[in-house]
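An overview of the molecular structure
Residue strings, one per chain:
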2 protein chains.
Amino acid sequence: MTPISVNAVHTHRFRFSQADVEEFARVTGDNNPLHLDAEYAAQTPFKRPIIHGMLGASIFTKVLGTEFPGYGSVYLKQTLEFLRPMFVDTDYEAVFTVISINSDKHTADIQGELKDLQTGKVTTRGIATLMHREKIQ
Amino acid sequence: MTPISVNAVHTHRFRFSQADVEEFARVTGDNNPLHLDAEYAAQTPFKRPIIHGMLGASIFTKVLGTEFPGYGSVYLKQTLEFLRPMFVDTDYEAVFTVISINSDKHTADIQGELKDLQTGKVTTRGIATLMHREKIQ
């Protein structure tokens, strides 16, 4: 089990379908029509449904909890800035960069950015703080 | 549609089942065994599976997106501190308090705290920044 190091980068490509949005709405109870109702969304500045910011942010918990640092990671903090709307059927890339490590506490600050692969623009940015006794040293 | 005001408080009680945790793992892809595998979790300081921090945090998107301020809210930022583990089949209360309002931008900072109803201890704390043209003035 190799520990992560400062400046290490991990990337993960993903996309969501409208079915994913509907399932996320069901499990979380967030049925805001901005995400589910095309007619409602057409009246907003976005013109069409946007995915839940927290569904986009779920990429953070997925990647950090299963890939990098990976299984066994304990989530301590997360900041999130929802900079631009995210849409279904669109290719995104999550880029995670280790910002700092506290060896005594086995914690790390990891910045995550979600980028639209076509435009290169960052849609969501945040910093996660995680603990992992083996992978953060 | 009555706008929200500074210091207004909104509460929401909730609990999660292991089935909710499994559905959240499926839709997000976060199958960290800390949340799903009792044998694995028994070897950790938590002794039993804890729910995903982001599943607890999904109460923020649910309540803010559907109740307070409610439908049409656009999520701009969120900070989250996962202070204590959260468990299934446990009663929690989310307490949301409006910290500040920017009338020009139609944005508000709303603090959310998730509390264990039995112990009164805060498990998760964070500040959400939202925009809503009608409800934030």
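How each quantity is defined
Residues numbered from 1 in each chain as written. Chains lettered and ligands numbered in written order. Predicted model: local features only at pLDDT ≥ 70, side-chain atom pairs only at ≥ 80, totals over all residues. Helix = DSSP H or I, 4+ residues; strand = E, 2+ residues; numbered from the N terminus. Least-squares fit on C-alpha atoms with pLDDT ≥ 70 in both. Contact = placed C-beta atoms within 7 Å. Core = buried A, V, L, I, M, F, W, Y, C linked by C-beta atoms within 7 Å. Buried ≥ 20, exposed ≤ 12 C-beta atoms within 10 Å, placed from the backbone. pLDDT = per-residue confidence, 0-100. Expected span 1.5 Å × (residues − 1).

Take the overall build of chain A next. Each helix and strand in chain A was counted, giving four helices and five strands. Counting from the amino terminus, helix and strand elements in chain A follow one another as β-α-α-α-α-β-β-β-β. Each principal axis of the C-alpha distribution contributes one length, and for chain A these read about 55 × 30 × 20 Å.

Now for the relation of the copies chain A and chain B. Here chain A sits on chain B after a turn of 180 degrees about the axis and a move of 0.0 Å along it, with an RMSD of 0.0 Å. Read as a symmetry element, the transformation amounts to a two-fold axis. Among all residues of chain A, the one whose C-alpha sits closest to the rotation axis is Thr-79 of chain A, at a distance of 2.2 Å. Both copies present the same face, since 100% of the interface residues in chain A are matched by interface residues at the equivalent positions in chain B.

Counting 62 residues, the largest nonpolar core has Val-63, Leu-64 and Leu-130 of chain A together with Val-63, Leu-64 and Leu-130 of chain B as the members making the most contacts within it. When near neighbours in sequence (up to four residues on either side) are disregarded, Val-63 of chain B contacts His-10, His-12, Phe-68, Ala-94 and Phe-96 of chain B.

This part covers the confidence of the model for chain A. Across chain A, the average pLDDT comes to 96, with 100% of residues at 70 or higher. Quick note on the complex model: pTM equals 0.95, ipTM equals 0.94.

As a further point, take helix H4 (residues 53-66) of chain B. For H4 of chain B, with 14 residues, the first-to-last C-alpha span of 20 Å sits near the 20 Å given by 1.5 Å per residue. Burial of H4 of chain B is extensive: 14 of the 14 residues sit out of reach of the surface.

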